[in-house]
Amino acid sequence: PANPPLHSRLPAQVKSSPFSPQLPNSPPTTDTHLLLIPTHLSLPSGGEAIFRLVNQSPHPVHSDLSWPSSKLSISPGAGLLSPHGQAVVCVQAVPGQASWRGQVSVYSDNSVDSMEVLVTAVTPSTCLAVSTDKVELGVTVLGSSTTGSIMLTNPGLELV
């Protein structure tokens, strides 16, 4: 026929059938053309930081990031870097969390790179909220007393 089926144009070792085993995938290696700058991030709970992915290769490189979504938000999470190209990635720590140390993994064309991330809990400031900045006491004469009231509240989680 003018256009033979696709599988017949492939070499014999690439042909597949329901009974033939799949070709093995290459395991991740540490020889990478992707550079993470910096390799360590430290940010407060609710804070943001950026890092760069740099493709040191003369070929395009696909990157796919993996992170714990309960701790971090990352954008963009995946992409294709052009030869010698770079991307800026924004990392945000989820607000209100306790201190945490972990990794963001970057998977790219048979390699895995990791970036250490440290999130520090933000200590709430201790303060009292006052209901008003004025107290009306009326007219007071010498030798007498009068009363007024204000309300103090503690909006924090710590005892004051």
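Everything quoted here is computed from the prediction, not taken from an experiment.

What counts, and at which threshold
The residue numbering used here restarts from 1 in each chain and proceeds along that chain's sequence as written. With pLDDT at 70 or above as the cut-off, local features in this predicted model cover only qualifying residues; side-chain atom pairs require 80 or more to be listed or tallied, and sums for whole chains, interfaces and linings still use all residues. Just so you know, side-chain values use all the structure's heavy atoms and leave hydrogens and water out. In this text, helices come from DSSP runs of H or I with a minimum length of four residues, and strands from runs of E with a minimum of two, each type numbered from the N-terminal end. Any two residues whose heavy atoms approach within 4.5 Å are treated as being in contact. With residues, only the protein chains shown are counted as cover, and all accessible areas are computed by Shrake-Rupley using a 1.4 Å probe. Counting of polar contacts relies on pairs of N or O atoms within 3.5 Å, with two restrictions inside protein: one atom must be capable of donating a hydrogen and the other of accepting it, and residues adjacent in sequence are counted only when both atoms are side-chain atoms. Two strands qualify as a pair provided DSSP detects at least 2 bridges between them. Axes here mean lines fitted to C-alpha atoms, for a helix over just the part in contact, with angles spanning 0 to 180 degrees between N-to-C directions. Classification of residues uses two cut-offs on accessible area relative to the type maximum, computed with a 1.4 Å probe and protein chains only: under 20% is buried, over 50% is exposed, and between them is partly exposed. To define a nonpolar core, start from buried Ala, Val, Leu, Ile, Met, Phe, Trp, Tyr and Cys residues and group those joined through side-chain atoms within 4.5 Å. Values of pLDDT, ranging from 0 to 100, describe the predictor's confidence in every residue of the model.

Caption draft 1: Looking closely at the overall build of the protein chain. The number of helices and strands found in the protein chain is 1 helix and 11 strands. Its helices and strands in sequence order give the protein chain the pattern α-β-β-β-β-β-β-β-β-β-β-β, from N to C terminus. Partitioning the contacts of the protein chain with sequence separation of at least 6, the portion at a separation of at least 24 is 57%. Of the roughly 11,400 Å² of accessible surface on the protein chain, 58% is carried by carbon and sulfur atoms.

Caption draft 2: Spotlight on the environment of Asn55. Tracing the backbone through its elements, the reader meets Asn55 in strand β3 (residues 48-55). In this structure, the C-alpha to C-alpha distance between Asn55 and Leu81, residues 26 residues apart in sequence, is 6.4 Å. Contact partners of Asn55, with chain neighbours within four places excluded, come to His33, Leu34, Pro60, Val61, Leu81, Ser82, Pro83, His84 and Gly85. One polar contact links the side chain of Asn55 to the main-chain carbonyl oxygen of Ser82, over a distance of 3.0 Å.

Caption draft 3: Focus on the sheet that holds strand β7 (residues 86-93). Across the sheet, 4 strands lie side by side as β1-β3-β7-β5; this open sheet has antiparallel pairing. Either end of the sheet is taken by a strand with one partner, and the two such strands are β1 (34-37) and β5 (72-75). Sheet twist, expressed as the mean angle between neighbouring strand axes with direction ignored, is 25 degrees. Two strands pair when backbone bridges link them, and β1 and β3 are joined in this way by 4 bridges, in the antiparallel orientation.

Caption draft 4: Layout of the pairing of β5. Side chains Leu72 and Ile74 project from β5 onto a buried face, and the interleaved Ser73 and Ser75 project onto a face without burial. Where β5 meets β7, 4 bridges bridge the pair, whose relative direction is antiparallel. Among the inter-strand pairings, Leu72 is bridged to a residue of β7, identified as Ala93.

Caption draft 5: Spatial organisation of the side chain of Gln97. Position of Gln97 among the secondary structure elements: in the loop between β7 and β8 (100-108). Looking at Gln97, the relative accessible area reads 10%, which means it is buried. Sequence-distant contacts of Gln97, defined by excluding residues within four places in its chain, comprise Ser45, Lys71, Val119 and Ala121.

Caption draft 6: Summary view of the nonpolar core. Residues Leu41, Phe51, Leu53, Leu65, Leu72, Val104 and Val117 are the most contacted members of the largest nonpolar core, which totals 20 residues. Those elements that provide at least two residues to this core are β1, β2 (40-44), β3, β5, β7, β8 and β9 (111-120).

Caption draft 7: Representation of the environment of Thr153 in the model. Counting through the fold element by element, Thr153 comes out in strand β11 (residues 152-153). Under the relative-accessibility criterion, Thr153 is labelled partly exposed at 37%. It is 8.0 Å that separates the C-alpha atoms of Thr153 and Ser131, two residues lying 22 residues apart in sequence. In this view, Thr153 contacts Leu128 and Ala129; residues no more than four positions away in its chain are not counted.

Caption draft 8: Just the confidence of the model for the protein chain, in detail. Of all residues in the protein chain, 75% have pLDDT values of 70 or greater, and the mean over the chain is 79. In the predicted structure, residues 1-30 sits below a pLDDT of 50 and forms 14 contacts with residues beyond four places in sequence or in another chain.

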